[in-house]
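# Descriptive structure summary
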Amino acid sequence: MKSILLVEDELVISRVLKAYLQKAEYQVWQAEDGDEATQLFDEKKPDLVLLDIMLPERSGWDVLQYIRDKSACPVIMITALGQTDQKLKGLNQGADDYITKPFEAEEVVARVNAVLRRSAILIKDQETRFFGSLKINFQSHNVTLHGLELLFHPRDLSLLLFLAQNPNQTFTREQLIEQVWGMDYGGSDRAVDLAIKRIRKTLENWPASEGEIKTLRGVGYQFCVYQKQ
């Protein structure tokens, strides 16, 4: 049974969401403030976090940063702040999805299902491959650089794995959204650019002589490899 950490200080909303998630056969833990959320996250190690932004003690942004500093656990932000800049902030800081209030509980469950489905993409290529000093295990989804493990949040990892399975091939944003985000994704293709930016930051110590994620202006992105694999 998959587990959800539900972080929401409005008890009515929290209780309704918990009931719907349990009906969908998820185990649910509830937190009412940011401090409780970080404590439960460390104790329970949930499969996904539903995270309100406006929280007592510690904001949702702080909790998201806390999670991203130590884990690739999927996070869906839930908030009344529906402005585009807030959504982009959430995605840029590593959130996997963003739901604005008011919402239907069924929509939240559907989003949870979709994010968990994407984060569990099965990679058909089961080999471990080396791209210079970058090592990717497509079975365990483990990525190391110079022998040190790198952490990505699930969607970024899925994007990297897909590109690395198809080195030196160019993909448009639309193709990457279809392969990684899924056909049901209704957001902007800006999400691809943000994910690539985060991946590049994580791979910043990958020697340029070995490879790079290259932008082909007006076309898309390519996982370029300059050394024999």
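Residues numbered from 1 in each chain as written. Predicted model: local features only at pLDDT ≥ 70, side-chain atom pairs only at ≥ 80, totals over all residues. Heavy atoms only, no water.

## Points about the packing of helix H6 (residues 154-165) against helix H8 (residues 190-202)
Where H6 contacts H8, the two axes come as close as 10 Å, and the packing angle between them is 80 degrees. Comparing their axes, H8 and H6 come out roughly perpendicular. Where H6 approaches H8, its residues Asp156, Leu159, Leu160 and Leu163 are matched on the opposing element by Ala195, Ile196, Arg198 and Ile199. A per-class count over the contact of H6 with H8 returns 6 nonpolar, no polar and 2 charged. (Axes fitted to C-alpha atoms, helices over the stretch in contact; angles between N-to-C directions. Helix = DSSP H or I, 4+ residues; strand = E, 2+ residues; numbered from the N terminus. Parallel < 35°, antiparallel > 145°, perpendicular 65-115°, else oblique. Contact = heavy atoms within 4.5 Å. Nonpolar A, V, L, I, M, F, W, Y, C, P; charged D, E, K, R; others polar.)

## Some details on the side chain of Thr79
On the secondary structure map, Thr79 appears in strand E4 (residues 75-79). Once residues lying within four places of it in the same chain are set aside, the contact partners of Thr79 are Asp52, Ile53, Tyr98, Ile99, Thr100 and Lys101.

## Examining the environment of Ala31
One can find Ala31 in strand E2 (residues 27-31). Here Ala31 is in contact with Leu5, Leu6, Val7, Glu8, Glu36, Ala37 and Leu40, once residues within four sequence places are set aside.

## Topic: the pairing of strand E12 (residues 220-225)
Taken residue by residue, a regular strand's side chains alternate between the two faces of the sheet. The element E12 is largely enclosed, with a buried count of 6 among its 6 residues. In terms of strand pairing, strand E10 (residues 170-171) meets E12 through 2 bridges, oriented antiparallel. The residue bridging Phe171 from the neighbouring strand is Tyr221, located in E12. The sheet contact formed by strand E11 (residues 211-216) and E12 spans 6 bridges and is antiparallel. Note that in E12 the partner of Thr215 across the bridge is Tyr221. The hairpin formed by E11 and E12 contains 3 residues between the paired strands, and Gly218 there has a positive phi angle of roughly 80 degrees. (Buried < 20%, exposed > 50% of the residue type's maximum accessible area, 1.4 Å probe, protein only. Pairing = 2+ DSSP bridges.)

## Comments concerning the nonpolar core
Grouped together as the largest cluster of nonpolar side chains are 31 residues, with contacts concentrated most on Leu134, Leu159, Leu203 and Phe223. Secondary structure elements with two or more residues in this core: strand E7 (134-137), strand E8 (142-145), H6, helix H7 (173-181), H8 and E12. Looking at this core, the element that brings in the most residues is H6, giving 7 residues. The contact partners of Leu134, leaving out residues within four places of it in the chain, are Arg129, Val143, Thr144, Leu145, Leu150, Leu203, Trp206, Glu210 and Phe223. If you look at the next biggest cluster of nonpolar residues, it comprises 20 residues, including Trp61, Leu64, Cys73 and Tyr98. (Core = buried A, V, L, I, M, F, W, Y, C linked by side-chain atoms within 4.5 Å.)

## Concerning helix H2 (residues 34-44)
For H2, the complete set of buried residues consists of Gly34, Ala37, Thr38, Leu40 and Phe41. For H2, the angular spread of the buried residues around the axis is 165 degrees, confining them to a single face. If you follow the buried residues of H2, they end up packed against strand E1 (3-7), E2, strand E3 (48-52) and helix H3 (60-70). Among the residues of H2, the N-terminal cap falls to Asp33, whose side-chain oxygen and the backbone nitrogen of Asp35 are separated by 3.1 Å. At the C-terminal side of H2, Lys45 shows a positive phi close to 50 degrees. (Arc of directions from axis to C-beta. Polar contact = N/O pair within 3.5 Å; in protein donor to acceptor, adjacent residues only side chain to side chain.)

## What to know about the confidence of the model for the chain
A residue-level look at the chain finds 90% of positions with pLDDT of 70 or above and a mean pLDDT of 86. Here residues 122-126 scores under 50 on pLDDT; set against residues more than four positions off or in separate chains, the count is 8 contacts. (pLDDT = per-residue confidence, 0-100.)

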